[in-house]
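Take a look at the letters that make up each chain.
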Protein chains: 2
Amino acid sequence: MRPWEANIRRVVPYVPGDQPKGSRLIKLNTNENPYPPAPGVAKALREMDPEAFRKYPDPSSSCLVEALAARYGVDKERIFVGVGSDDVIGMAFLTFFNSEKPVLFPDISYSFYPVWADLFGIPHKTPALDGEFKIRPEDYYQENGGVVFPNPNAPTGIFMPLNQVEDILRHNRDVVVIVDEAYIDFGGTSALPLTEKYENLLVVQTFSKSRAMAGMRIGFAVGHPDLIRALSDVKYSYNSYTMNLPSQILGAEAVKDQVYFQEITSRIIATRERAKERLGALGFTFPDSMTNFLFVTHERASARELFAALKREQIYVRYFDQPRLDNSLRITIGTDGEMEALYAFLENYLKTV
Amino acid sequence: MRPWEANIRRVVPYVPGDQPKGSRLIKLNTNENPYPPAPGVAKALREMDPEAFRKYPDPSSSCLVEALAARYGVDKERIFVGVGSDDVIGMAFLTFFNSEKPVLFPDISYSFYPVWADLFGIPHKTPALDGEFKIRPEDYYQENGGVVFPNPNAPTGIFMPLNQVEDILRHNRDVVVIVDEAYIDFGGTSALPLTEKYENLLVVQTFSKSRAMAGMRIGFAVGHPDLIRALSDVKYSYNSYTMNLPSQILGAEAVKDQVYFQEITSRIIATRERAKERLGALGFTFPDSMTNFLFVTHERASARELFAALKREQIYVRYFDQPRLDNSLRITIGTDGEMEALYAFLENYLKTV
């Protein structure tokens, strides 16, 4: 090792899902929305003035924050925006989890949580999901330095009813509790109204899934103004201008079109419900998903082999090579056409195993 | 204090310069480029497909990295890109400055350095600039956990000759040295070629000044592939997808147009040189700037009062309320028209003091 390497922070980085390129492929591996963003986004893009790029963007992203405040009926002071929900949650780890006590999150959940904890040197404990892949609220009664969990959870897709979320909150009045609602719009009920009752609750959502804007990197958090202020102070101490001008303008447009949002979300939910029937009929089992993906296991087919076979056909799904998950596949809900192509392949494939 | 507030990280955030709005105002306060981005940027914006926003962006920002590699004649493995040079340098602090020994940077320089050091708990020492506001290389011979300085420095505008930069490098073989070249394109000579000779050197530049793209948030670093890999690992551990699709596409277009870049840069330099004459004739003194701003003091006029008087006229410049800087103003070089309006105001104003 060269001497200047001694002070380098060594981390095991998160490995994002493949971003394969090509027009023939069917991409069901990163839970993107199969539909384009709201028409207002395309219109605002066409009208954007490139001369405006020479100036710094509004550091407070006012137009986007105001659109979110109007949409969710909360004060602007209760909203924080970031470069994807990863930026929001990473910043929240850095801001709120300064404790000697371990932060708690499920052993099976978003794979970025342990990565952030390691990056910032945050002690953590990961209570195991139960046999049905469900979070046990009582596991979060123990002493801790903070709590974070996705609801619905990933990659299981399971939604925890709000009374259980509130049970966890009631037992954790003295730490910050983060509920990561990346997939909430596909049938779950948001804990957002609970932020009025629990000052220590931060609810995080993203534009990457239900709003079809993964490429723009927009996430946001809702919580008590004191939480938002602390988060903003840390954010301004890292980078004052994180969200670029197109994200602010186009993000605001996406939020404003509630009709289109309902339409594509309902369509994805309908496709998912059909997928449950079709995949069930093919012998797959899965937890009852409230997200835009299904986490499936087959009674006979090995997940690893099926993953490889799908990839050869240019159908990309997600495989997690880790205990308890390694015989399952996470399949994003695509368009009906994409899903039909998947069923057709599976029908033939399953005849051979 | 409520119990859940105990674990919150408390920071004194960086305060960015005002972003006043209005069409009549003259904005010379945040060192933006007075000219629009390269014409290719506007063209690529018009051609951008909003449907592509539904997918995650390329996490490695290949098209932008490739454009930079071609422009600077270096391997792709030697380039790191981030959301503005603030993101790049903040990430570099987190990655490279893991030492018990203090990191060194000048007492007067970019005001974000102490903010990042505080945020990440990095010990630091700030050698004083000399009486002429110059960095003394010998101050950086002492034992340290890393070195960072802007060249040219801000808000002084002074460029340190490359032999002095190399002198600092020769005395610091065992730590990472970051040279922050936000303003290098306005007449300085980049240390970029020194990255071949010094494996521990990281050179950082930005699209916010000379490339007229502050609104897009793009910065980059060049250095040894081992430095870049360590930086990327930390970046992927924080947020895999930081740079959105428009920044990648439009950033690449900006880099490709070297002719336009030379044209607007030369124009700004010419305006700056005229500003030196005109402001000198009005009784202002200033270090010899190699940037797109001048750091001026007047023999009779108080900087604080002049700042307020300019603001009343909707001419915005930057005032730093801190020791050694509080009788100076940092004035961004605008268009010739904007500068003439400034001179006209100053001529009248100075008759009254």
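All residue numbers here refer to positions counted from 1 along the written sequence of the relevant chain. Each chain gets a letter, beginning with A, and each ligand a number, beginning with 1, in the order they are written. Given that the model is predicted, a residue must reach a pLDDT of at least 70 before its local features are reported, and side-chain atom pairs must reach 80 or more before they are shown or counted; all residues, however, enter totals for whole chains, interfaces and linings. Neither water nor hydrogens contribute to the side-chain values; these are computed over all heavy atoms in the structure.

**Focus: the overall build of chain A**
(1) Moving on: Helix and strand definitions here come from DSSP, where helices need a minimum of 4 consecutive H or I residues and strands a minimum of 2 consecutive E residues; each element is numbered from the N-terminal end. When you go through chain A residue by residue, the secondary structure sums to eleven helices and twelve strands.
(2) Moving on: Two things to know: the radius of gyration comes from C-alpha atoms, and the globule rule equals 2.2 Å times the number of residues to the power 0.38. For a compact globule of 353 residues, the expected C-alpha radius of gyration is about 20 Å, and chain A comes in at 21 Å, within 12% of that figure.
(3) Moving on: Once the C-alpha set of chain A is aligned to its principal axes, its extents read approximately 60 × 55 × 50 Å.
(4) Moving on: Every one of the 353 residues in chain A was classed for burial, and the buried ones make up 63%.
(5) Moving on: Taking the contacts inside chain A whose residues are at least 6 apart along the sequence as the reference set, 72% of them involve residues at least 24 apart.
(6) Moving on: Of note, chain A has its 39 positive side-chain charges centred 4 Å away from the centre of its 45 negative side-chain charges. Relative accessibility under 20% of the residue-type maximum defines a buried residue, over 50% an exposed one, and the middle range a partly exposed one, all with a 1.4 Å probe and only protein chains included. The contact criterion used throughout is that any non-hydrogen atoms of two residues lie within 4.5 Å. Charged residues are defined here as Lys and Arg on the positive side and Asp and Glu on the negative side; His and the ends of the chain fall outside this count. Just so you know, the charge point we use is NZ for Lys, CZ for Arg, CG for Asp and CD for Glu.

**Let's talk about the UniProt feature "modified residue: N6-(pyridoxal phosphate)lysine" (unreviewed entry) in chain A**
(1) Moving on: UniProt positions are given in the numbering used here, feature names are shortened, and annotations may be inferred rather than shown by experiment. The feature "modified residue: N6-(pyridoxal phosphate)lysine" (unreviewed entry), as given by UniProt, occupies K209(A) in the numbering adopted here.
(2) Moving on: For K209(A), the location among the structural elements is in the loop between strand 7 (201-206) and strand 8 (219-223).
(3) Moving on: Of the residues examined, K209(A) reaches a relative accessible area of 6% and is grouped as buried.
(4) Moving on: Setting aside residues up to four positions removed in sequence, K209(A) forms contacts with T30(A), N31(A), N33(A), A182(A), Y183(A), F186(A), N292(A) and Y56(B).

**Topic: the pairing of strand 2 (residues 79-82) of chain B**
Residues and elements named next belong to chain B.
(1) Moving on: Judged by which residues are buried, strand 2 turns out to be covered on both faces: I79 and V81 on one side and F80 and G82 on the other are all buried.
(2) Moving on: DSSP bridges decide pairing: two strands pair if at least two such bridges lie between them. Here four bridges tie strand 2 to strand 8 (residues 219-223), and the two strands are oriented antiparallel to one another. If you follow F80 over to strand 8, its bridge partner there is A221.

**A short note on the side chain of T156(A)**
Residues and elements named next belong to chain A.
(1) Moving on: Mapped onto the secondary structure, T156 falls in the loop between strand 5 (146-150) and helix 5 (162-170).
(2) Moving on: Assessed through its relative accessible area of 0%, T156 is described here as buried.
(3) Moving on: Polar contact criterion, stated in full: a pair of N or O atoms within 3.5 Å, where within protein one must be able to donate a hydrogen and the other to accept it, and residues adjacent in sequence count only if both atoms are side-chain atoms. Among the polar contacts made by the side chain of T156, one reaches the main-chain amide nitrogen of I158 at a distance of 3.3 Å.
(4) Moving on: Among residues more than four places away in sequence, those in contact with T156 are I108, L129, F133, P287, F293 and F295.

**Notes on the packing of aromatic side chains**
Two aromatic rings, taken as a pair, are described by how far apart their centres are and by the angle between their planes.
Residues and elements named next belong to chain A.
(1) Moving on: Each Phe, Tyr or Trp ring, with Trp reduced to its six-membered ring, pairs with another whose centre is within 6.5 Å; inter-plane angles below 30 degrees give stacked pairs, above 60 give edge-to-face pairs, and intermediate values give tilted ones. The tally for this structure, following the rule as stated, stands at 36 aromatic pairs over all chains.
(2) Moving on: A ring pair is formed by Y183 and F293, whose centres lie 4.9 Å apart and whose planes are at 80 degrees; its orientation type is edge-to-face. You can see Y183 sitting in the loop between strand 6 (177-180) and helix 6 (194-197) and its partner F293 sitting in strand 10 (residues 293-298), a full 110 residues away along the chain.
(3) Moving on: For Y183, a relative accessible area of 8% puts it in the buried group.
(4) Moving on: Cluster of aromatic residues (ring-pair linked, three or more members): F93, F97, F105, Y110, F112, Y113 and W116.
(5) Moving on: One Lys or Arg, R71, reaches over the ring of Y72 and ends 4.5 Å from the middle of that ring.
(6) Moving on: Over the face of the ring belonging to Y236 we find K235, whose NZ or CZ atom lies 5.7 Å from the ring centre. Two limits define a charge over a ring: the Lys NZ or Arg CZ must be within 6 Å of the ring centre, and within 35 degrees of the ring normal.

**Let's talk about the interface of chain B and chain A**
(1) Moving on: With 88 residues of chain B in contact, the opposing surface of chain A contributes 88 residues.
(2) Moving on: By definition, a salt bridge exists where a carboxyl oxygen of Asp or Glu is found within 4 Å of a side-chain nitrogen of Lys or Arg. Counting across the interface, chain B meets chain A through four salt bridges.
(3) Moving on: D226(A) serves as the salt-bridge partner of R2(B), at 2.2 Å between the closest nitrogen and oxygen.
(4) Moving on: For the pair chain B and chain A, the number of links is 47 residue pairs in polar contact (both at pLDDT 80 or more).
(5) Moving on: Elements represented by at least two residues in the side of chain B that touches chain A include exactly helix 1 (39-47), helix 3 (84-96), helix 4 (112-119), helix 6 (225-238) and helix 7 (245-256) of chain B.
(6) Moving on: For the side of chain B that touches chain A, a count of residues per class yields 47 nonpolar, 20 polar and 21 charged. Ten residues, namely Ala, Val, Leu, Ile, Met, Phe, Trp, Tyr, Cys and Pro, are considered nonpolar, four, namely Asp, Glu, Lys and Arg, are considered charged, and the remaining ones, Gly among them, are considered polar.

**A short note on the UniProt feature "domain: Aminotransferase class I/classII large" (unreviewed entry) in chain A**
(1) Moving on: Under the local residue numbering, the UniProt record ascribes the feature "domain: Aminotransferase class I/classII large" (unreviewed entry) to residues 25-343 of chain A.
(2) Moving on: Strand forms 14% of residues 25-343 of chain A and helix 38%; the C-alpha atoms that close the span are 15 Å apart.

**Focus on the domain arrangement of chain A**
Residues and elements named next belong to chain A.
(1) Moving on: These domain boundaries are the output of an automatic or database domain assignment. Examined at the domain level, chain A breaks down into domain 1 (19-36 + 259-351) and domain 2 (39-256).
(2) Moving on: Between the C-alpha centres of domain 1 and domain 2 the distance comes to 26 Å.
(3) Moving on: At the junction of the two partners, domain 1 supplies 25 residues and domain 2 supplies 27 residues.
(4) Moving on: Along the contact surface separating domain 1 from domain 2 lie one salt bridge.
(5) Moving on: With a shortest N-O distance of 3.4 Å, R324 and D107 are connected by a salt bridge.
(6) Moving on: If you look at where domain 1 meets domain 2, you find nine residue pairs in polar contact (both at pLDDT 80 or more).
(7) Moving on: Sort the elements by how many residues they give to the side of domain 1 that touches domain 2 and helix 9 (residues 258-281) lands first, with seven residues.
(8) Moving on: The residue inventory of the side of domain 1 that touches domain 2, partitioned by class, reads 13 nonpolar, seven polar and five charged.

**Describing the relation of the copies chain B and chain A**
(1) Moving on: Alignment of the copies relies on least squares applied to C-alpha atoms, considering only residues that score at least 70 for pLDDT in both. Superposition of chain B onto chain A requires a rotation of 180 degrees combined with a translation of 0.0 Å along the rotation axis, giving an RMSD of 0.0 Å. Such values leave the two copies arranged in the relation of a two-fold axis. Residues of chain B ranked by C-alpha distance from the rotation axis are headed by R46(B), positioned 3.1 Å from it.
(2) Moving on: Most of the interface of chain B is mirrored in chain A, where 100% of its interface residues again form contacts.

**Describing the environment of V176(B)**
(1) Moving on: Relative to the helices and strands, V176(B) is located in the loop between helix 5 (162-170) and strand 6 (177-180).
(2) Moving on: Here V176(B) falls in the buried class, since its relative accessible area comes to 1%.
(3) Moving on: Along the primary structure V176(B) and N151(B) are separated by 25 residues, whereas in three dimensions their C-alpha atoms are 16 Å apart.
(4) Moving on: Setting aside residues no more than four positions away along its own chain, V176(B) makes contact with W4(A), F96(B), F97(B), G146(B), V147(B), N200(B) and L227(B).

**What to know about the environment of F307(B)**
(1) Moving on: Its location among the elements puts F307(B) in helix 9 (residues 303-312).
(2) Moving on: Sequence-distant contacts of F307(B), that is, excluding residues within four places in its chain, are made with V317(B), R318(B), Y319(B) and L329(B).

**A few points about the packing of helix 3 of chain B against helix 4 of chain B**
Residue and element names in this part refer to chain B.
(1) Moving on: Angles shown run from 0 to 180 degrees and are taken between the N-to-C directions of axes, each axis being a line fitted to C-alpha atoms and, for helices, limited to the stretch in contact. In the contact formed by helix 3 and helix 4, the axes pass within 10 Å of each other and the chain directions differ by 45 degrees. Comparing their axes, helix 4 and helix 3 come out oblique. The two elements helix 3 and helix 4 cross, and the hand of that crossing is right-handed. Listed contacts from helix 4 to D86, I89, G90 and F93 of helix 3 are F112, Y113, W116 and A117.
(2) Moving on: Residues belonging to the contact of helix 3 with helix 4 are distributed by class as follows: six nonpolar, one polar and one charged. For classification purposes, angles smaller than 35 degrees are called roughly parallel, those larger than 145 roughly antiparallel, those between 65 and 115 roughly perpendicular, and all remaining angles oblique. Two helices that cross are described as forming a left-handed crossing if the nearer one is turned anticlockwise from the farther one by less than a right angle, and a right-handed crossing if clockwise.

**Considering helix 9 of chain B**
Residues and elements named next belong to chain B.
(1) Moving on: Residues of helix 9 that are buried: A303, L306, A309 and L310. The arc that holds every buried residue of helix 9, seen down its axis, measures 125 degrees, which confines them to one face. Those residues of helix 9 that are exposed and aimed more than 90 degrees away from the buried face are E305 and R312.
(2) Moving on: Those residues of helix 9 that are buried are in contact with strand 9 (284-285), strand 11 (315-316), strand 12 (318-319), strand 13 (329-332) and helix 10 (336-351). Directions drawn from the helix axis to the C-beta atoms are what define this arc.

**Considerations on unusual backbone geometry**
(1) Moving on: Cis peptide bonds are those with omega within 30 degrees of zero, and the linkage from A154(A) to P155(A) qualifies with 0 degrees.
(2) Moving on: Examined against the element boundaries, P155(A) turns out to sit in the loop between strand 5 and helix 5.
(3) Moving on: With an omega of -5 degrees, the peptide bond running from N151(B) to P152(B) counts as cis.
(4) Moving on: The residue P152(B) is located in the loop between strand 5 (146-150) and helix 5 in this model.
(5) Moving on: For N31(A), which is not glycine, the phi dihedral falls at a positive 55 degrees.
(6) Moving on: N31(A) gets classed as buried once you look at its relative accessible area, which sits at 0%.
(7) Moving on: For R324(A), which is not glycine, the phi torsion reads 75 degrees and is therefore positive.
(8) Moving on: You can call R324(A) partly exposed: its relative accessible area is 37%.

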